[in-house]
Amino acid sequence: MKISPKAIKMVMHHEGVRQNPYKCPAKLWTVGVGHVLFPEQGKLKIDQRDEFVPPAEAMRKYSMEEVDAILRADLARFEKGVATYCPVPLTQGQFDALVSFSFNVGLGTLQRSTLRQKVLRGDMEGATEELLKYCMAGGKILKGLQKRRIDERAVFLS
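Below or above, wherever it landed, is the structure these notes cover. (Residues numbered from 1 in each chain as written. Predicted model: local features only at pLDDT ≥ 70, side-chain atom pairs only at ≥ 80, totals over all residues. Heavy atoms only, no water.)

1. Details of helix α5 (residues 114-121)
Rules: Partly exposed describes any residue whose relative accessible area lies between the buried limit of under 20% and the exposed limit of over 50%, with all areas from a 1.4 Å probe on protein chains only and scaled to the type maximum. Secondary structure counts use DSSP, requiring at least four H or I residues in a row for a helix and at least two E residues in a row for a strand, with both numbered from the N terminus. Arc definition: it is the arc formed by the directions from the helix axis to the C-beta atoms. In this analysis, two residues are considered to be in contact whenever any of their non-hydrogen atoms come within 4.5 Å of each other.
Every buried residue of α5 is accounted for by L115, K118 and V119. What you see down the axis of α5 is that its buried residues fit within an arc of 100 degrees, all on one side. Residues of α5 that are buried in the fold lie against α3 (92-105), α4 (107-112), α6 (124-131) and α7 (143-157). One or two steps after α5, the chain reaches G122, where phi turns positive at roughly 80 degrees.

2. Structural notes on the packing of α3 against α7
For clarity, the cut-off: Geometry is summarised by axes, namely lines fitted to C-alpha atoms with helices restricted to the contacting stretch, and by angles between N-to-C directions that run from 0 to 180 degrees. These descriptions rest on fixed angle ranges, namely under 35 degrees for roughly parallel, over 145 for roughly antiparallel, 65 to 115 for roughly perpendicular, and the rest for oblique. Residues are grouped as follows: nonpolar covers Ala, Val, Leu, Ile, Met, Phe, Trp, Tyr, Cys and Pro; charged covers Asp, Glu, Lys and Arg; every other residue, Gly included, is treated as polar.
Relative orientation of the contacting elements α3 and α7 amounts to 155 degrees, with a least axis distance of 7 Å. As the angle between them shows, α3 and α7 are arranged roughly antiparallel. Residues G93, Q94, D96, A97, L98, S100, F101, F103, N104 and V105 of α3 lie in contact with α7, whose contacting residues are L145, R148, R149, E152, V155 and F156. Its residues placed into classes, the contact of α3 with α7 shows eight nonpolar, four polar and four charged.

3. So, unusual backbone geometry
Phi is positive for K27, close to 65 degrees, though the residue is something other than glycine. With respect to the element layout, K27 can be found in the loop between β1 (18-23) and β2 (29-32). Classification of K27 as partly exposed rests on a relative accessible area of 30%.

Have a look at this one:
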(Lines give C-alpha, C1' and ligand atoms only; values in the text may rest on other atoms or scores of the structure.)
Protein backbone atom coordinates (compact mmCIF):
# COMPACT_ATOMS: atom_id res chain seq x y z
CA MET A 1 0.00 0.00 0.00
CA LYS A 2 1.18 3.55 -0.73
CA ILE A 3 0.27 6.85 0.92
CA SER A 4 -2.25 8.82 -1.15
CA PRO A 5 -1.47 12.16 -2.82
CA LYS A 6 -4.03 13.82 -0.53
CA ALA A 7 -2.23 12.50 2.55
CA ILE A 8 1.15 13.62 1.18
CA LYS A 9 -0.26 17.16 0.94
CA MET A 10 -1.45 16.87 4.55
CA VAL A 11 2.02 15.78 5.71
CA MET A 12 3.60 18.68 3.81
CA HIS A 13 1.11 21.11 5.31
CA HIS A 14 1.75 20.01 8.89
CA GLU A 15 5.52 19.51 8.58
CA GLY A 16 6.21 22.58 6.45
CA VAL A 17 8.37 22.68 3.33
CA ARG A 18 11.74 24.39 3.08
CA GLN A 19 13.91 24.45 0.01
CA ASN A 20 16.94 25.89 1.81
CA PRO A 21 18.80 23.89 4.47
CA TYR A 22 18.14 24.99 8.04
CA LYS A 23 18.90 23.76 11.53
CA CYS A 24 15.93 22.16 13.21
CA PRO A 25 15.37 22.50 16.99
CA ALA A 26 17.56 19.40 17.49
CA LYS A 27 20.41 21.29 15.75
CA LEU A 28 20.38 19.00 12.70
CA TRP A 29 20.77 20.29 9.15
CA THR A 30 17.39 19.68 7.56
CA VAL A 31 15.76 20.38 4.19
CA GLY A 32 12.46 19.82 2.43
CA VAL A 33 9.81 18.18 4.60
CA GLY A 34 11.80 17.44 7.76
CA HIS A 35 14.57 15.49 5.99
CA VAL A 36 17.82 15.30 7.97
CA LEU A 37 20.61 15.92 5.46
CA PHE A 38 23.44 14.35 7.45
CA PRO A 39 22.37 11.38 9.60
CA GLU A 40 25.91 11.17 11.00
CA GLN A 41 25.30 14.58 12.63
CA GLY A 42 22.48 12.99 14.65
CA LYS A 43 24.99 10.59 16.24
CA LEU A 44 26.72 13.54 17.89
CA LYS A 45 25.69 14.81 21.31
CA ILE A 46 23.38 17.79 20.90
CA ASP A 47 25.97 20.24 22.28
CA GLN A 48 28.46 19.04 19.63
CA ARG A 49 26.13 19.40 16.64
CA ASP A 50 26.90 23.08 16.05
CA GLU A 51 30.51 22.08 15.34
CA PHE A 52 29.43 19.85 12.44
CA VAL A 53 30.59 21.36 9.12
CA PRO A 54 28.32 20.33 6.26
CA PRO A 55 29.71 19.88 2.75
CA ALA A 56 29.36 23.16 0.86
CA GLU A 57 27.66 21.50 -2.14
CA ALA A 58 24.75 20.39 0.08
CA MET A 59 24.11 23.91 1.36
CA ARG A 60 22.11 25.17 -1.60
CA LYS A 61 18.53 25.82 -2.56
CA TYR A 62 16.79 22.55 -3.48
CA SER A 63 14.22 22.50 -6.28
CA MET A 64 10.66 21.44 -5.48
CA GLU A 65 11.27 18.38 -7.66
CA GLU A 66 14.21 17.43 -5.41
CA VAL A 67 12.17 18.11 -2.26
CA ASP A 68 9.34 15.92 -3.59
CA ALA A 69 11.75 13.09 -4.46
CA ILE A 70 13.36 13.23 -1.01
CA LEU A 71 9.93 13.18 0.62
CA ARG A 72 8.80 10.17 -1.45
CA ALA A 73 11.94 8.26 -0.42
CA ASP A 74 11.41 9.19 3.23
CA LEU A 75 7.72 8.24 3.10
CA ALA A 76 8.58 4.83 1.59
CA ARG A 77 10.33 3.91 4.85
CA PHE A 78 7.22 4.83 6.85
CA GLU A 79 4.91 3.01 4.43
CA LYS A 80 7.02 -0.11 4.95
CA GLY A 81 7.03 0.41 8.71
CA VAL A 82 3.25 0.74 8.92
CA ALA A 83 2.86 -2.39 6.77
CA THR A 84 5.28 -4.26 9.05
CA TYR A 85 3.90 -3.11 12.41
CA CYS A 86 0.22 -3.13 11.42
CA PRO A 87 -0.15 -6.28 9.26
CA VAL A 88 -3.94 -6.17 9.18
CA PRO A 89 -6.33 -5.03 6.45
CA LEU A 90 -6.43 -1.23 6.43
CA THR A 91 -8.46 1.24 4.41
CA GLN A 92 -6.55 3.86 2.44
CA GLY A 93 -7.53 6.46 5.04
CA GLN A 94 -6.33 4.32 7.94
CA PHE A 95 -3.02 3.64 6.19
CA ASP A 96 -2.58 7.33 5.30
CA ALA A 97 -3.21 8.44 8.88
CA LEU A 98 -0.80 5.86 10.31
CA VAL A 99 1.94 6.87 7.86
CA SER A 100 1.47 10.57 8.69
CA PHE A 101 1.48 9.80 12.42
CA SER A 102 4.64 7.67 12.11
CA PHE A 103 6.39 10.27 9.97
CA ASN A 104 5.82 12.75 12.78
CA VAL A 105 6.53 10.68 15.90
CA GLY A 106 8.71 7.88 14.50
CA LEU A 107 8.20 4.20 13.84
CA GLY A 108 9.44 3.26 17.30
CA THR A 109 6.61 5.24 18.86
CA LEU A 110 4.09 3.55 16.56
CA GLN A 111 5.55 0.14 17.40
CA ARG A 112 5.18 0.71 21.17
CA SER A 113 1.82 2.52 21.03
CA THR A 114 -1.61 1.62 22.27
CA LEU A 115 -2.76 3.00 18.90
CA ARG A 116 -1.02 0.07 17.19
CA GLN A 117 -2.39 -2.42 19.72
CA LYS A 118 -5.92 -1.25 19.00
CA VAL A 119 -5.39 -1.41 15.23
CA LEU A 120 -4.08 -4.97 15.57
CA ARG A 121 -7.15 -5.95 17.61
CA GLY A 122 -9.47 -4.40 15.03
CA ASP A 123 -10.60 -1.68 17.45
CA MET A 124 -10.51 1.09 14.87
CA GLU A 125 -12.81 3.38 16.86
CA GLY A 126 -10.47 3.09 19.85
CA ALA A 127 -7.50 3.69 17.55
CA THR A 128 -8.93 7.03 16.43
CA GLU A 129 -9.15 8.14 20.06
CA GLU A 130 -5.54 7.07 20.65
CA LEU A 131 -4.37 9.36 17.84
CA LEU A 132 -5.70 12.36 19.75
CA LYS A 133 -3.48 11.55 22.75
CA TYR A 134 -0.29 12.51 20.87
CA CYS A 135 -0.67 16.29 21.09
CA MET A 136 1.89 17.10 23.76
CA ALA A 137 5.52 18.15 23.83
CA GLY A 138 7.35 19.22 26.94
CA GLY A 139 4.25 18.43 29.02
CA LYS A 140 2.09 20.94 27.15
CA ILE A 141 -0.56 20.54 24.48
CA LEU A 142 0.69 22.08 21.24
CA LYS A 143 -2.02 23.51 19.01
CA GLY A 144 -0.16 22.45 15.85
CA LEU A 145 0.05 18.83 17.00
CA GLN A 146 -3.54 18.90 18.15
CA LYS A 147 -4.67 20.13 14.71
CA ARG A 148 -2.52 17.49 12.99
CA ARG A 149 -4.00 14.67 15.10
CA ILE A 150 -7.53 15.92 14.41
CA ASP A 151 -6.73 15.89 10.68
CA GLU A 152 -5.17 12.41 10.93
CA ARG A 153 -8.24 11.17 12.79
CA ALA A 154 -10.53 12.52 10.04
CA VAL A 155 -8.39 10.79 7.39
CA PHE A 156 -8.37 7.56 9.44
CA LEU A 157 -12.18 7.62 9.50
CA SER A 158 -12.54 8.47 5.78
